[in-house]
Amino acid sequence: MASSSSYKLRCSIPGHEMDVRGLASAVFPEGAFVSVSRDRTGRVWVPNSSPDNGFTEMHSISGHTNFVSCVCVIAPSETYPRGLIASGGNDNNICVFTLDQAQPVFTLTGHKNTVCTLSSGKFGTLLSGSWDTTAKVWLNEKCMMTLQGHTAAVWAVVILPEQGLMLSGSADKTIKLWKAGRCEKTYTGHEDCVRGLAVISDTEFFSCSNDASIRRWLVTGECVQVYYSHTNYIYSISVFPNCQDFVTTGEDRTVRIWRQGECSQTIRLPAQSVWCCCILPNGDIAIGASDGIIRVFTEVVDRIASAEDLQAFEDELAKTIIDPKTGDLGDIKIEDLPGREHLEEPGNRDGQTRLIKEGDKVEAYQWSVSDARWMKIGDVVGGSNATSKSVMYEGKEYDFVFTIDVNEGGPSMKLPYNVAEDPWLTAHNFLQKNDLSPSFLDQVAHFIIENTKGQVVGPNPPAGGDPFTGGARYIPGASDERSAFGADPFTGSGRYIPGSGPSPSPIASSGVADPFTGGSAYSSAALRQASTNIYFPKTDGVTFEQANSAQIIAKIKELNGSAPQEYKLSQEALESLVRLLGSISEPNSSEAPPTIQEINLLWKASHWPEDIVFPVLDIMRLAVRHPTVNETLCGEAEGVQLCNHLLSLMSPEGRPANQMLALRTLCNCFMGRQGRALLLAQRETVLSRAADLAGICNKNIHIALATLVLNYASCLHSQPDLEAKAQCLSVASRALETVQDKEAVFRLLVALGTIVSSDQSARELARSLGVNSQISKYSSVSDPSKVAECCKLVLKEMQ
């Protein structure tokens with residue numbers, strides 16, 4: 001088919017009653033696309049064979065109880081061979097539809113505010129972003145993980161082609177790269193909310209922002225190019241199949257086509273907000289806007305609308321009323337404008353605007369390169385002159401009349417303002433008139449101050465900005481709670497090394513001696529043939545048993561002599577610890593069990609200062625294996641205190657000896673019923689803190705961390721708790737990025753195998769996180785052989 005030099009209207013589809021907020025190309029039928037709207041519906045459109053080259057509504061979907069904000073298509077699977085449609089809404093839900101049912105086949109709940117962006121990936125993975133500042137990863141109708149780190153609404157998400165990599169863009173002006181649930185990188189450069197993201201390749205992506213710029217990024221972190229042409233917020237961006245050219249839409253009423261890094265064409269629409277765009281398989285572009293109309297543009301001559309329809313579109317555009325304060329025309333002095341003769345001069349570029357004076361009116365024209373003429377794009381009202389900059393509202397003149405969108409999708413409200421007024425009083429009156437919460441007072445007042453360029457009479461503005469859109473599309477009621485995490489300064493290990501006395505018992509030739517306990521490393525009979533799976537699923541816990549009681553007591557007595565007075569133990573107390581250590585050395589022996597007084601003494605001593613507490617933690621590590629101690633310290637009330645105390649010792653800034661021993665204590669807690677119940681209940685907190693220690697360069701910490709993950713995997717193997725398994729997969733994947741010790745790697749491989757064994761959903765999630773490619777390098781490890789053997793079995797399990 002012949003191609004014109006630019007895009008022209010193909011058809012207009014008046015299918016929705018309110019703003020069209022999302023568009024997505026459908027997998028089936030060929031050439032179809034999906035639209036969603038603030039009218040709470042979604043619609044599937046298919047090309048028809050009529051002479052007007054239009055689209056017909058094939059299917060309508062509904063299920064949201066509030067405005068629908070975004071949509072994406074999930075690729076076909078064996079269960080759903082035509083794929084699925086996922087939509088997010090202001091009801092905080094994600095509804096998932098088939099192409100033959102009007103109601104959702106299932107609904108995903110978990111976000112605490114509007115779901116405003118969706119992206120689908122391989123194996124049915126779905127990524128969502130919300131005003132609640134989080135993104136969530138979904139698989140098989142379950143939330144697998146929550147991505148936390150942004151401090152304002154997450155407006156854009158996308159899944160990168162490389163498995164396991166995800167991007168999120170936020171109103172906090174940053175973009176974050178996530179892998180296995182962890183933020184790997186934060187991209188800064190935008191000066192306002194990030195509204196859209198689009199993948200270019202495995203290594204590059206685009207972003208667009210309320211700062212009216214588009215940025216091209218390398219995944220490694222560098223911004224390699226910044227594009228300017230829009231004059232207001234940019235809401236969406238889509239990339240052409242050549243992975244270079246792209247389309248953007250924004251609040252300046254335009255669609256812009258970018259070729260070879262330049263804006264080659266500007267298409268103006270008779271609607272203020274051009275919310276979304278979608279590139280169809282045949283290269284046509286579908287556009288959704290605030291007037292509820294979907295417009296499709298094409299560069300193929302045979303699909304261009306009739307001359308009558310093109311003229312009708314141009315006439316509609318010419319009737320548009322333009323407010324210069326919300327557009328790109330700047331201050332207008334009518335007396336300085338030229339007349340119609342100014343249109344006899346050709347424009348310099350496509351989309352160039354020119355204002356002329358026609359009597360007492362101001363008209364706006366845009367230069368069309370393809371037609372080589374000026375097209376009228378509207379009449380300008382509210383223009384400024386040398387003495388007046390007023391805008392009429394309800395019969396009165398104001399310096400500014402702002403459009404306020406409450407709850408991003410509700411009815412718009414007008415906020416009139418004169419620069420001589422107090423912004424705080426104006427904000428108060430606006431809230432009262434519209435029956436809004438007075439808690440928004442500071443934010444509305446600050447919005448007025450920010451958008452009047454400092455032309456205020458009144459107090460200085462408070463700190464902070466609009467958490468959602470940053471400008472004229474202000475939405476009250478967001479929070480900006482920032483959390484900070486310290487880095488590990490690696491302050492050095494304790495001098496005491498538990499188990500440094502007598503030589504340990506002989507170990508299997510495939511094992512690796514643990515220098516901290518003096519015992520054998522965990523080994524699953526690696527000398528046996530690997531033709532059968534002897535490694536996983538592992539259903540019993542792995543513990544740290546070895547110790548030298550004499551050295552531990554000697555160290556405690558030494559440190560007790562120099563301990564602060566309030567922490568010193570009496571001779572009687574020291575003797576009690578000796579008795580306790582004797583009774584727990586063999587948990588199932590005939591020795592008298594520890595008394596409650598001895599257990600309480602151990603708990604008290606475990607709160608010694610961090611620089612001397614490590615030998616006490618070593619006793620604690622051994623003690624929790626004993627049924628009596630496990631039941632006492634891991635019970636409901638006491639268990640939470642124990643967990644919190646150990647987690648406090650595991651902070652990344654802490655001492656490596658304490659971190660390692662706290663991890664080992666948690667591992668040994670799995671030996672008792674109460675300990676297992678406690679750690680399963682505290683799983684999210686425990687694994688999150690433990691994962692932070694993967695970055696510390698200490699193989700003993702890594703082995704303890706890997707063992708903790710393995711013990712969780714063992715407990716979860718027979719349970720249908722996908723969210724818990726997802727966290728284990730995420731922590732294991734993160735740890736494998738930094739862990740070098742082969743014993744730690746082996747335990748992580750056993751954990752992975754145990755998680756995915758006999759669980760299809762867990763296998764699919766592991767594949768989507770890119771675990772296959774992450775662990776494949778271990779299949780060639782020769783020493784110890786159990787690493788390669790286990791790795792191959794895990795890879796086979798995930799096929």
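About the thresholds
Residues numbered from 1 in each chain as written. Predicted model: local features only at pLDDT ≥ 70, side-chain atom pairs only at ≥ 80, totals over all residues. Heavy atoms only, no water. Pairing = 2+ DSSP bridges. Helix = DSSP H or I, 4+ residues; strand = E, 2+ residues; numbered from the N terminus. Contact = heavy atoms within 4.5 Å. Salt bridge = Lys/Arg side-chain N within 4 Å of Asp/Glu carboxyl O. Buried < 20%, exposed > 50% of the residue type's maximum accessible area, 1.4 Å probe, protein only. Axes fitted to C-alpha atoms, helices over the stretch in contact; angles between N-to-C directions. 1 Å grid on protein atoms, 1.4 Å probe; cavity = no way out; pocket = protein on both sides within 12 Å on 5 of 7 lines; lining within 4 Å. Points joined across faces, edges and corners; volume = space filled by probe spheres on them. Nonpolar A, V, L, I, M, F, W, Y, C, P; charged D, E, K, R; others polar. Left-handed = near helix turned anticlockwise from the far one by under 90°. Phe/Tyr/Trp six-rings, centres within 6.5 Å; stacked < 30°, edge-to-face > 60°. Lys NZ or Arg CZ within 6 Å of the ring centre and 35° of its normal. Core = buried A, V, L, I, M, F, W, Y, C linked by side-chain atoms within 4.5 Å.

## Section: the pairing of strand S17 (residues 182–187)
Then, number 1: With five bridges joining them, strand S16 (residues 175–179) and S17 adopt antiparallel strand pairing. Pairing of Trp 178 across the sheet is with Cys 183, part of S17.
Then, number 2: Counted along the chain from S16 to the antiparallel partner S17, the turn is two residues long, and its residue Ala 180 has a positive phi close to 50°.

## Thoughts on the environment of Leu 642
Then, number 1: Structurally, Leu 642 can be placed in helix H9 (residues 636–649).
Then, number 2: Each C-alpha atom of the pair Leu 642 and Leu 666 lies 9.6 Å from the other, and the pair is 24 residues apart in sequence.
Then, number 3: Residues contacting Leu 642, with those up to four places away along its chain left out, are Trp 603, Met 620, Leu 633, Cys 634 and Cys 669.

## Focus on the pattern of salt bridges
Then, number 1: Following the criterion strictly, the structure yields 29 salt bridges and no others.
Then, number 2: A salt bridge links Asp 371 to Arg 373, with the shortest nitrogen-to-oxygen separation between them at 4.0 Å.
Then, number 3: Given a relative accessible area of 31%, Asp 371 falls into the partly exposed group.
Then, number 4: Arg 373 gets classed as partly exposed once you look at its relative accessible area, which sits at 31%.

## Points about the sheet that holds strand S5 (residues 55–62)
Then, number 1: Reading across from one edge, S2-S3-S4-S5 is the order of the four strands in this open sheet, with antiparallel pairing throughout. Each having just a single partner strand, strand S2 (20–25) and S5 make up the two edges of the open sheet. With strand direction ignored, the average angle separating the axes of adjacent strands in the sheet is 25°.
Then, number 2: Inspection of the sheet shows strand S3 (residues 33–37) paired to strand S4 (residues 41–47) by four bridges, in the antiparallel sense. Its bridge partner lying in S4, Ser 35 is registered against Arg 43.

## Points about the environment of Ser 651
Then, number 1: Residue position: Ser 651 is located in the loop between H9 and helix H10 (656–669).
Then, number 2: Judged by relative accessible area, Ser 651 falls into the buried class, the value being 17%.
Then, number 3: Other than its neighbours up to four places away in sequence, Ser 651 contacts Gln 659, Arg 689 and Leu 693.

## Notes on empty space enclosed by the protein
Then, number 1: Under the criterion given, the structure shown has four cavities of 30 Å³ or more.
Then, number 2: For the second largest cavity, the calculated volume is near 40 Å³.
Then, number 3: Lining the second largest cavity, in full, are Ala 26, Val 27, Phe 28, Val 34, Val 73, Ile 74, Arg 82, Gly 83, Leu 84, Ile 85 and Leu 99.
Then, number 4: For the lining of the second largest cavity, the secondary-structure elements that each account for two or more residues are strand S6 (68–74) and strand S7 (84–89).
Then, number 5: Here the residues of the lining of the second largest cavity sort into nine nonpolar, one polar and one charged.

## Overview of the packing of helix H14 (residues 722–738) against helix H16 (residues 760–768)
Geometrically, a packed helix pair is captured by the angle between its two axes and the distance between the axes.
Then, number 1: Orientation of H14 relative to H16, taken along the N-to-C sense of each, is 35°, at an axis distance of 10 Å. Note that H14 runs across H16; the crossing there is right-handed. On the side of H14, the interface is formed by Leu 722, Ala 726 and Leu 729, while H16 contributes Ser 761, Ala 762, Leu 765 and Ala 766.
Then, number 2: Classifying every residue of the contact of H14 with H16 by side-chain character gives six nonpolar, one polar and no charged.

## Considering the sheet that holds strand S24 (residues 254–259)
Then, number 1: One open sheet accounts for four strands, arranged S22-S23-S24-S25; its pairing is antiparallel. The sheet is open, and its two edges are formed by strand S22 (234–239) and strand S25 (262–268), each paired on a single side. Averaged over all pairs of adjacent strands, the angle between strand axes in this sheet comes to 20°, irrespective of strand direction.
Then, number 2: Two strands pair when backbone bridges link them, and strand S23 (residues 246–250) and S24 are joined in this way by four bridges, in the antiparallel orientation. Across the sheet, Val 247 pairs through a bridge with Ile 257, a residue of S24.

## Focus on the packing of aromatic side chains
Then, number 1: For the structure shown, the criterion picks out 18 aromatic pairs.
Then, number 2: Members of the aromatic cluster, joined through ring pairs, are Phe 206, Tyr 227, Phe 246 and Trp 258.
Then, number 3: Taking NZ or CZ as reference, Arg 195 lies 4.0 Å from the ring centre of Trp 155, over its face.
Then, number 4: Above the plane of the ring of Phe 240 lies Arg 259, whose end atom (NZ or CZ) is 5.9 Å from the centre.

## Re the nonpolar core
Then, number 1: Formed by 117 residues in total, the largest nonpolar core has its most connected members in Ile 619, Leu 663, Leu 708, Leu 749, Leu 752, Ile 775 and Tyr 778.
Then, number 2: Take this core: its biggest share by element is 12 residues, from helix H13 (residues 699–716).

## Some points on the pairing of S16
Then, number 1: In terms of residue burial, S16 counts as a mostly covered element, since five of its five residues are buried.
Then, number 2: The side-chain alternation of S16 yields two buried faces, one formed by Ile 175, Leu 177 and Lys 179 and the other by Lys 176 and Trp 178.
Then, number 3: Two elements, strand S15 (residues 165–170) and S16, share five bridges in a ladder whose sense is antiparallel. Within S16, the residue paired with Met 166 across the bridge is Trp 178.
Then, number 4: Following S15, the chain reverses through four residues before pairing antiparallel with S16; Lys 173 in that reversal takes a positive phi of roughly 80°.

No statement about biological role is implied by the geometric values presented.
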